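# Structural overview
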Amino acid sequence: MNIRKNSQFFLIGLVLSLIIAVFLSPFASPDPDGLDRVAEDLQFSQKEDPNALGNQLPFARIFDGYALKGVPQGVATPLAGFLGTLATFGIAWGIGKLVIPKSQNQE
């Protein structure tokens, strides 16, 4: 595959992912997921440390669960999905650039 086809492939994937993140995220289940559900079932959710490392990261001041703080609820979740999708693609692209040898990047 040449660079142009690769670029088109990834751009189409990014656009589709953004569409899914923005338009389908409001329909996500409000029920707790993963560890939150287990914490509720086993009754240890109240023991969460408010000073945990995750709460001290810069992103903890911006995000509230799967939404953005200070943004109206109808917009917060789609916007968080949009930003999360962009961040995920950006990190994956950056890792790909670091891992793939330069000679293969220029083909």
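Residues numbered from 1 in each chain as written. Predicted model: local features only at pLDDT ≥ 70, side-chain atom pairs only at ≥ 80, totals over all residues. Heavy atoms only, no water.

### Comments concerning a negative patch on the surface
Rules: Like-charged residues within 9 Å of one another, or nonpolar side chains (Val, Leu, Ile, Met, Phe, Trp, Tyr) within 5 Å, are grouped into patches, provided each residue has over 30% relative accessible area and no salt bridge. Shrake-Rupley sampling with a 1.4 Å probe provides the accessible areas, and residues are treated as covered by the protein chains on show and by no other component. Salt bridges, as used here, are contacts in which a Lys or Arg side-chain nitrogen is within 4 Å of a carboxyl oxygen on Asp or Glu. Under this rule, positive means Lys or Arg and negative means Asp or Glu; His and the chain ends count for nothing. Charge coordinates come from a single atom per side chain, which is NZ of Lys, CZ of Arg, CG of Asp or CD of Glu. Under the scheme used here, helices are H or I runs from DSSP no shorter than 4 residues and strands are E runs no shorter than 2 residues, and both carry numbers assigned from the N terminus.
Residues D33, D36, E40, E48 and D49 make up a contiguous surface patch of negative charge. In this structure, D33 sits in the loop between helix 1 (3-24) and helix 2 (34-41).

### Looking at the domain arrangement of the protein chain
Quick note on the threshold: A domain assignment, automatic or from a database, supplies the domain bounds used here. Here, two residues are considered to be in contact whenever any of their heavy atoms come within 4.5 Å of each other.
Annotation of the protein chain at the domain level lists domain 1 (1-27 + 65-97) and domain 2 (29-64). Placing a centre on the C-alpha atoms of domain 1 and another on those of domain 2 gives a separation of 23 Å. At the interface, seven residues of domain 1 touch seven residues of domain 2. Run the count over domain 1 and domain 2 and you get zero salt bridges.

### Description of a nonpolar patch on the surface
Rule in force here: Remark: exposure states derive from per-residue accessible area (1.4 Å probe, protein chains only) relative to the maximum for the residue type, with buried under 20%, exposed over 50%, and partly exposed in between.
Taken together, the side chains of L11, I12, V15, L16, I19 and F23 define a hydrophobic patch exposed on the protein surface, amounting to about 590 Å² of accessible area. What makes L16 partly exposed here is its relative accessible area of 48%.

### Observations regarding the UniProt feature "transmembrane region" (unreviewed entry) in the protein chain
Put simply, the test is: UniProt positions are given in the numbering used here, feature names are shortened, and annotations may be inferred rather than shown by experiment.
When the UniProt feature table is mapped to this numbering, "transmembrane region" (unreviewed entry) covers residues 9-28 and 79-100. Secondary structure across residues 79-100 divides into 95% helix and 0% strand, with the first and last C-alpha atoms of the span separated by 31 Å.

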